[in-house]
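# Descriptive analysis of the structure
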Amino acid sequence: MTIIFHRSSREFHLFNDHISYLIKVLENDQLGQLYFGARVDDADDHSYLVENTYRPVTAYVSKDDYSFSLANVRQEYPAYGTSDFRLPALELAQEDGSTVTNFTYKDYRIIKGKPKLPGLPATYVEDDRDAETLVITLTDEKLAIDLELSYTIFANLAVIARNARFINHGTTSPQLTRALSLNLDLPDADYDWLQFSGAWGRERQVKATHLRQGEQSVSSTRGASGHMENPFVILKRPHTDDFQGEALAVSLVYSGNFLALAEVDPYQVTRLQIGINPFHFSWQLAPGESFQTPEALLAYSATGLNVLSQSFHRLYSKHLVRGEWRDRPRPVLVNNWEATYFNFTEEKLLAIADRAKEIGAELFVLDDGWFGKRTFETAGLGDWWPNPAQLPHGIAGLSQQIHARGLKFGLWFEPEMANLDSDLYRNHPDFLLKTPGRRMSQGRRQYVLDFARPEVVDYIHDLMAKVLREGQVDYVKWDMNRNITECYSAAFPPAQQGEIFHRYILGVYSLYERLIQEFPHILFESCASGGGRFDAGMLYYAPQAWTSDDSDAAMRLLIQTGTSYGYPLSSMGAHVSAVPNEQVHRVTPLNTRGNVAFFGDLGYELDLTSLSKEELAQIKEQISFYKRYREVFQHGTFYRVQNPFAGDPNWVGWLVVSPDQRTALYADFKFLNDMNAPYRRQVLPGLAPDLTYRVEEVGKGTVGDFSGRDLAHIGLVTSDAASGVEEATTDFASRLYLLEGSRA
Ligand code: DGJ
């Protein structure tokens, strides 16, 4: 990995074995984008890549000729209003009412490693040899504002991390109304745009469309990244699939309002952007102050979408998730929510915990309903002390009993919220976000705390820290069940109300940071009515997330497949729940529910005390199998080998391979049973060609011995080859294969 500055041509070249990124200081001293993609040769001068032809109905920079217009040139961090008519990366509303800026090249520095972003989540390296960072400083002389654009290239990943920082050295107080994290102008528009959209209970479904002239975007205005859209998009060539072809992706390391956008201009130049959503955003840049954008990640693959996803998986697993739990096997948990909802007693919880221990689970999680006057969703949020009516021995007593059973103890919180029926609200009605003179819209009978205010964060921190300290808590599920409305903070002046959404999420991050520093042994799992804040920002604080409130195995096949495009299996909380399923009333086999949940952080979310002996025995078997291979399930290399969004919608095939390629697990799922089904043969990538793999169908027996090369090219026969008709299985059946490789 290297960063080179070619002084004569004023070009920067960042490259490693996989990718190159080329930037040029243009003739007007603004920054131009020359190339991003597969590694290319270094050269002194790539100025032929500045394509800038005379075009009618265009404005030009120089009064004397028609040779240079910002409308025609590809840029790094463009502004609007000075000959570029496309959407800009920044906008600064100045005291005189103008918005025109001119950020020109000042200097650069190259830093070993990767600096932190204060107060914000970001990727990191532990060893400075693993990354190098280029910081290019631009300046607007009239305003005396510097703009630092940072680019980090990693040693072994096809990823560039970017961010922007504005520093006001001047005397005026302009308002930033657009400050994106990344802008990338690409030389053509022959791309499919992939977004990961949905709603509560059906998050991150893949939606694809071919780019065309104009704009295509996804965004959030909810104060959270949201169930509906995800701050992650892919641009792929039309022929690119999971196994071949070119693609690039951007991901925002941020959990608040975002915008991801592609604008195709009339000359088929694609402008790709991602950052804080400019809608309802402004930031007062007072003299002496600075504004730091969140980090954006840009990845590239020349060999298909699996490789692209694996870059994010590796990056997040090793350079985003932090702390003790980054590399440790994640515990198999039992959660009481779908077993009891609010209706539990200490006795009932301990009965479930007894069963949890018997079946081999490692962590018992007490969900919503243990605090304040929380016997239903109308009361208690904000009062983070145990309710003696539910828990006569408190959290300390319960956790002691759980620990005495040899289980770890986990606890649910929803720190950002309050019910009106709470001591918090009665004592501090001003702690809520609300607009003066307007009604407060309710969601789930709860209201959002003003986390833009440090004293509100302190108040919640102190209550939580007390419970965590006294209760011997090993795991926290941090929930967030409604989005922000009437966003206004009484603590800020009118001119700063556009900052509140961003300040809110900074407050959330600050509380997370304090708690993880004070309780480094706690495993945090983020949650927002399931997958409503499943983003890279959250993974910096909470190594795993509750993927969706929809625990139906069939829906989970789609949700987890969609999520896998951008996020590793170790980040996905995946639980086996009861049938008929609570959310969709579907009945799926226990075997399949287990196989689906294996591909993530396995948990059980059902009333273990009401299961039959046979079911408990089967679950015990599942847990013991998972524990044997969880390193591979959680941290192996994952491949979508049958993708219902891209191929046969009735089939899903997931493969994980251990880093040494000696162990692999392939699961073959179907939705509906087929009549007189076609033959099926599944090629399996990622294995070592020269190893011989003993293939076992888990629970059935040995299938045979095959070389990695044969499995990659001939494949594994997964149909009932003897008769040619579908085996007598049910809808939603699945098969799990274990492949263990050795030298012949
Ligand atoms: C929403 C979460 O997604 C559920 O798992 C559960 O924790 C409930 N909230 C509790 O209110």
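Residues numbered from 1 in each chain as written. Predicted model: local features only at pLDDT ≥ 70, side-chain atom pairs only at ≥ 80, totals over all residues. Heavy atoms only, no water.

## Examining the overall build of the chain
The test is simple: Each helix is a run of H or I in the DSSP string that is no shorter than four residues. Each strand is a run of E no shorter than two, and both are numbered from the N terminus. We take the radius of gyration over the C-alpha atoms and set the globule estimate at 2.2 Å times the residue count to the 0.38 power. Only protein chains enter the calculation, and the probe is 1.4 Å; a residue is then buried if its accessible area is under 20% of its type maximum, exposed if over 50%, and partly exposed in between. Here, two residues are considered to be in contact whenever any of their heavy atoms come within 4.5 Å of each other. With residues, only the protein chains shown are counted as cover, and all accessible areas are computed by Shrake-Rupley using a 1.4 Å probe. Residues scored as charged are limited to Lys and Arg (positive) and Asp and Glu (negative), so that His and the chain ends carry no count. Note on charges: their place is set at NZ of Lys, CZ of Arg, CG of Asp or CD of Glu.
When helices and strands are counted, the chain shows twelve helices and 38 strands. Relative to its length of 744 residues, the chain is compact, with a C-alpha radius of gyration of 27 Å against a globular reference of 27 Å. A principal-axis box enclosing the C-alpha atoms of the chain has dimensions of 85 × 70 × 45 Å. For the chain, buried positions account for 62% of its 744 residues. Nonlocal contacts in the chain, meaning residues at least 24 apart in sequence, comprise 69% of its contacts between residues at least 6 apart. Total accessible area on the chain stands at roughly 27,100 Å², and carbon and sulfur atoms take up 50% of it. Of the charged side chains in the chain, 71 are positive and 95 negative; the average position of the first set lies 2 Å away from that of the second.

## Section: the packing of helix H3 (residues 346–359) against helix H11 (residues 613–635)
How we decide: The axes used here are C-alpha line fits, helices contributing only the stretch in contact, and every angle between their N-to-C directions lies in the interval 0 to 180 degrees. Working definition: roughly parallel below 35 degrees, roughly antiparallel above 145 degrees, roughly perpendicular at 65 to 115 degrees, and oblique for all remaining angles.
Running from N to C, H3 and H11 cross one another at 55 degrees; their axes reach a closest spacing of 8 Å. The angle between H3 and H11 falls in the class oblique. Between H3 and H11, the residues in contact are Arg-355, Glu-358 and Ile-359 and Leu-616, Ile-619, Lys-620 and Ile-623, respectively.

## Considerations on the domain arrangement of the chain
Often the size quoted for an interface is simply the accessible area lost on bringing the parts together. Applicable threshold: Start and end positions for the domains come from either an automated domain assignment or a database one. Reported buried area values correspond to the accessible surface (1.4 Å probe) lost by two parts on association, with both partners' losses combined. A side-chain nitrogen of Lys or Arg and a carboxyl oxygen of Asp or Glu constitute a salt bridge if their distance falls within 4 Å.
Under the domain assignment, the chain is made up of domain 1 (2–319), domain 2 (333–634) and domain 3 (641–742). Here the C-alpha centroids of domain 1 and domain 2 sit 34 Å apart. Each partner contributes to the roughly 3,600 Å² buried at the junction of domain 1 and domain 2, and carbon and sulfur atoms together form 56% of this total. By the criterion of area lost to domain 2, the three top residues of domain 1 are Arg-204, Ser-255 and Trp-283, representing 16% of everything that side buries. There are zero salt bridges connecting domain 1 and domain 2. Among the elements that line the side of domain 1 that touches domain 2, the one with the most residues is helix H1 (residues 305–319), at six residues.

## Some thoughts on H3
Definition in use: To estimate the expected span of a helix, count its residues, drop one, and scale the result by 1.5 Å.
The first and last C-alpha atoms of H3 sit 20 Å apart over 14 residues, in line with the 20 Å expected at 1.5 Å per residue. Among the residues of H3, those classed as buried are Glu-346, Leu-349, Leu-350, Ile-352, Ala-353, Ala-356 and Ile-359. As for H3, its buried residues are in contact with strand E21 (333–335), helix H2 (337–340), strand E22 (363–366), helix H4 (394–404) and H11. At the exit of H3 stands Gly-360, carrying a positive phi of roughly 100 degrees.

## Some points on unusual backbone geometry
What is expected of a backbone is that most residues other than glycine have negative phi and most peptide bonds are trans. Omega for the peptide link from Val-579 to Pro-580 comes to -10 degrees, which places this bond in the cis form. One can find Pro-580 in the loop between strand E29 (572–577) and helix H10 (590–598). The phi dihedral of Gln-661 is positive, around 65 degrees, even though this residue is not glycine. Structurally, Gln-661 can be placed in the loop between strand E32 (651–657) and strand E33 (663–670).

## Describing the site of the ligand
Convention followed: Near is defined per residue: the residue qualifies when any heavy atom it owns lies within 4 Å of the molecule or strand. Think of a polar contact as two N or O atoms within 3.5 Å of one another; within protein, one of them needs to be a possible hydrogen donor and the other a possible acceptor, and neighboring residues in sequence only count if both atoms come from side chains. All amino acids are sorted into three groups, where Ala, Val, Leu, Ile, Met, Phe, Trp, Tyr, Cys and Pro are nonpolar, Asp, Glu, Lys and Arg are charged, and the leftover types, Gly among them, are polar.
Not every one of the 13 residues close to the ligand is listed here, only the nearest: Asp-367, Asp-368, Lys-477, Asp-479 and Asp-549. Arg-444 is positioned such that a nitrogen or oxygen atom in its side chain is 2.9 Å from an oxygen atom of the ligand. The contact in question runs from a nitrogen atom of the ligand to an N or O atom on the side chain of Asn-481, over 3.5 Å. Computed on the free molecule, the ligand has an accessible area of 300 Å², of which 97% lies beneath the protein chains in the complex. Taken together, the residues of the shell around the ligand sort by class into four nonpolar, three polar and six charged.

## Notes on the sheet that holds strand E26 (residues 475–478)
To keep it simple, the criterion reads: In short, DSSP must find at least two bridges between two strands for them to pair.
Reading around the circumference, E21-E22-E23-E26-E27-E28-E29-E30 is the order of the eight strands in this closed barrel, with parallel pairing throughout. This sheet shows a mean twist of 30 degrees between the axes of neighbouring strands, independent of strand direction. With three bridges joining them, E21 and E22 adopt parallel strand pairing. Paired with Asn-335 across the bridge in E22 is Val-365. On the sheet, H4 packs against E22 and strand E23 (408–413) and is oriented at approximately 145 degrees with respect to E23.

## What to know about the confidence of the model for the chain
Counted only if it meets this: Each residue carries a pLDDT score, the predictor's confidence in it, ranging from 0 to 100.
Mean pLDDT over the chain: 96, with 99% of residues reaching 70 or higher. Scored below 50 in pLDDT, residues 721–726 shows ten contacts in the model against residues more than four places distant or in partner chains.

## Digging into the packing of H10 against H11
Formally: In a left-handed crossing the near helix is turned counterclockwise from the far helix by less than a right angle, and in a right-handed crossing that turn is clockwise.
Where H10 contacts H11, the two axes come as close as 10 Å, and the packing angle between them is 20 degrees. Classified by the angle between their axes, H10 and H11 sit roughly parallel to one another. Seen along the crossing, H10 lies across H11 with a hand that is right-handed. Together, Leu-590, Asn-591, Gly-594 and Phe-598 of H10 and Glu-615, Gln-618, Ile-619, Gln-622, Phe-625, Tyr-626 and Phe-633 of H11 make up the contact between the two elements. In terms of residue class, the contact of H10 with H11 is made up of six nonpolar, four polar and one charged.

## Notes on empty space enclosed by the protein
Applied cut-off: A pocket, in this scheme, is an open set of points on a 1 Å grid over the protein atoms alone with protein on both sides within 12 Å along at least 5 of 7 lines, while a cavity is a set where a 1.4 Å probe fits but cannot get out; residues line either one if an atom lies within 4 Å of a point. Grid points are joined across faces, edges and corners, and a volume is the space filled by probe spheres set on the points.
Scanning the model with the defined rule gives five cavities of 30 Å³ or more in all. One number sums up the size of the largest cavity: a volume of about 110 Å³. When grouped by side-chain class, the residues that make up the lining of the largest cavity number eight nonpolar, four polar and no charged. Estimates place the volume of the second largest cavity at around 60 Å³. Lining the second largest cavity we find Tyr-254, Asn-257, Ile-276, Asn-277, Phe-279, His-280, Phe-281, Gly-498, Phe-501 and His-502. Here the residues of the lining of the second largest cavity are counted per class, giving five nonpolar, five polar and no charged.

## Some remarks on the sheet that holds strand E2 (residues 11–15)
The antiparallel open sheet is built from four strands, whose spatial order is E1-E2-E3-E4. The open sheet terminates on both sides in strands that have one partner only, identified here as strand E1 (2–6) and strand E4 (31–38). Taking the axes of each pair of neighbouring strands and ignoring which way they run, one obtains an average angle of 15 degrees across the sheet. As paired strands, E2 and strand E3 (residues 19–25) are joined by five bridges and run antiparallel to one another. Across the sheet, the residue bridging to His-13 is Leu-22, located in E3.

## What about H1?
Counting along an α-helix, one turn takes 3.6 residues, and residues three or four places apart therefore face a common direction. Between its terminal C-alpha atoms H1 stretches 20 Å, which fits the 21 Å expected from 15 residues at 1.5 Å a residue. Within H1, twelve of the 15 residues are buried, leaving the element largely enclosed by the surrounding structure.

## Some thoughts on the pairing of strand E30 (residues 601–605)
Of all five residues that make up E30, five are buried, and the element is covered over most of its length. Neither face of E30 is open: one carries Asp-601, Gly-603 and Glu-605, the other Leu-602 and Tyr-604, and all of them are buried. Where E21 meets E30, two bridges bridge the pair, whose relative direction is parallel. Note on E30: the bridge partner recorded for Val-334 is Tyr-604. Here E29 pairs with E30 via five bridges, running parallel.

## Focus on the pattern of salt bridges
If you walk through the whole model with that rule in mind, you get 45 salt bridges. Among the salt bridges present, the one from Glu-358 reaches Arg-355, with a minimum N-O distance of 3.9 Å. Of this pair, Glu-358 and Arg-355 both sit in helix H3, three residues apart, which is roughly one turn of that helix. On the basis of relative accessibility, which here comes to 46%, the residue Glu-358 falls in the partly exposed class. Taking the relative accessible area as the measure of exposure, Arg-355 reaches 27% and is therefore partly exposed. The partner of Lys-700 in a salt bridge is Glu-697, with the nearest N and O atoms 3.5 Å apart. Residue classification places Glu-697 among the buried positions, given a relative accessible area of 12%. Salt bridges here are not isolated pairs; linked through shared partners, they connect Asp-84, Arg-86, Asp-185, Asp-265 and Arg-271.

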